[in-house]
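The primary structure of each chain is shown beneath.
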Amino acid sequence: MPSRKPVLALTLISLVVWGAGCSHSPLPFTPRRFVRLDALLPLHPSWSQIELLDREAARFRTAVAQPGMAPYEPYPGLTPFTPRVSVPANLATQRAQQVDLDARRYVESLKRSLGDASQSVMALERRREQRRVEAAVAARLTQAVETLRNETAVRSFAITQRLRDLALKDIVARSRMQDLAQAHSREIKPLRDAQAEHAGILAEMDRLRVENRALLTQDVTAQTSRQRDTFTREELVRSKERLFKREEQLR
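So, a few notes on the structure that sits alongside this text. (Residues numbered from 1 in each chain as written. Predicted model: local features only at pLDDT ≥ 70, side-chain atom pairs only at ≥ 80, totals over all residues. Heavy atoms only, no water.)

Some points on the overall build of the chain
Counting its regular elements, the chain contains 7 helices and 0 strands. Counting every position in the chain, which comprises 251 residues, the buried fraction comes to 12%. Considering only contacts in the chain between residues 6 or more positions apart, those separated by 24 or more positions represent 80%. Counting every atom, the chain has about 21,600 Å² of accessible surface; 59% of that belongs to carbon and sulfur. (Helix = DSSP H or I, 4+ residues; strand = E, 2+ residues; numbered from the N terminus. Buried < 20%, exposed > 50% of the residue type's maximum accessible area, 1.4 Å probe, protein only. Contact = heavy atoms within 4.5 Å. Areas by Shrake-Rupley, 256 points an atom, 1.4 Å probe, with all protein chains shown as cover.)

Structure, rendered in structure tokens:
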């Protein structure tokens, strides 16, 4: 501790000077007091922890150093965990019910999905069959027109050949009638037979000409269009059979 005499002397001088310049009386002198820090430290709330830390640090400094690293050994007190193989009966039943419910939902969802897919496929197949039926009917009508035209051409050619033969017979019959008429025979039966034969030839030629004209002027398309309903019904029956087989494949 420093000497208190110089401090007291300096304090008295300052008081005398200050008191000489002031009109009021000086304040009473309060002596200074001192407290040691080592006496206050034990009063701190954390002082016990500081002392504990100091003791632990001193113990570590004085401890004997180990020759090497200590091996790691697991704590042998814990027994190995063995899961339960079986579950409680109520929990097993609940899980089985939940699995069965999920399976049914999945199956129902799969059925709906497959049903929707089958309906889409069948709708597409019906549109294809409709176009197929229309194309088949049109093809059969075209074939019928071609067939009828060919038959008409064949029949017209046959009629033309028949008319040529009848034309030759007509010439022969005219010649015969002319000969019989110039013979001045008393028997008229041969002449009448020749005239009847000639009349039959002319009638047959007229009939064939009318038939040939009707063949050449007939509307082939109109005649074949009457068969459209028949062709459509037949193709629809075939289309239904194909659709039925397709449905059987999708099931």
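A closer look at helix α5 (residues 189-217)
Relative to the 42 Å expected for 29 residues at 1.5 Å per residue, α5 spans 42 Å between its end C-alpha atoms, a close match to the ideal helical length. Those residues of α5 that sit buried are Ala194, His198, Ile201, Met205, Leu208, Asn212 and Leu215. (Expected span 1.5 Å × (residues − 1).)

Digging into the pattern of salt bridges
In this structure the tally under the stated criterion is 16 salt bridges. Glu125 serves as the salt-bridge partner of Arg246, at 3.8 Å between the closest nitrogen and oxygen. Separated by 121 residues along the polypeptide, Arg246 in helix α7 (residues 228-250) and Glu125 in helix α4 (residues 89-183) bring together distant segments of the chain. Classification of Arg246 by relative accessible area gives partly exposed; the value is 29%. Of the charged contacts in the structure, one is a salt bridge between Lys189 and Asp193, with a shortest N-O distance of 3.1 Å. Pair noted here: Lys189 and Asp193 are both in helix α5, with a separation of 4 residues, about one helical turn. A residue is classified by how much of its surface remains accessible, and Lys189, at 57% relative accessible area, is exposed. Taken together, the shared-partner salt bridges in this structure form one network comprising Arg140, Glu234, Glu235 and Arg238. (Salt bridge = Lys/Arg side-chain N within 4 Å of Asp/Glu carboxyl O.)

What to know about the nonpolar core
Nonpolar side chains in soluble globular proteins tend to end up buried together. Counting residues in hydrophobic clusters, the biggest one holds 8 residues: Ile159, Leu163, Leu166, Ala173, Ile201, Met205, Leu208 and Leu215. At the level of elements, α4 and α5 are the ones that each hand at least two residues to this core. Once residues lying within four places of it in the same chain are set aside, the contact partners of Ile159 are Leu208, Glu211, Asn212 and Leu215. In terms of nonpolar packing, the next biggest core, distinct from the first, is built from 5 residues, Val137, Leu141, Ala144 and Phe231 among them. (Core = buried A, V, L, I, M, F, W, Y, C linked by side-chain atoms within 4.5 Å.)

Brief notes about a nonpolar patch on the surface
Where nonpolar side chains cluster on the molecular surface, the patch consists of Leu37, Leu40, Leu41 and Leu43 and spans about 410 Å² of accessible area. One can find Leu40 in helix α2 (residues 37-40). (Patch = residues over 30% accessible without salt bridge, like charges linked within 9 Å, V, L, I, M, F, W, Y side chains within 5 Å.)

Examining the environment of Val220
Locating Val220 in the fold gives a position in helix α6 (residues 220-225). Since its relative accessible area comes to 11%, Val220 is described here as buried. Spatially, the C-alpha atoms of Val220 and Val145 are 6.2 Å apart, while their sequence positions differ by 75 residues. Excluding its chain neighbours within four sequence positions, the residues that come into contact with Val220 are Val145, Leu148 and Arg149.

A word on the side chain of Ser239
Position of Ser239 among the secondary structure elements: in helix α7. In this structure the side chain of Ser239 is engaged in a polar contact, spanning 3.0 Å, whose partner is the side chain of Glu129. Ignoring any residue separated from it by four or fewer positions in sequence, one finds Ser239 in contact with Glu129 and Val133. (Polar contact = N/O pair within 3.5 Å; in protein donor to acceptor, adjacent residues only side chain to side chain.)

Topic: the side chain of Asp170
If you trace the backbone, Asp170 turns up in helix α4. Among the residues examined, Asp170 registers a relative accessible area of 11% and is labelled buried. Setting aside chain neighbours within four positions, we find Asp170 in contact with His198, Ile201, Leu202 and Met205.

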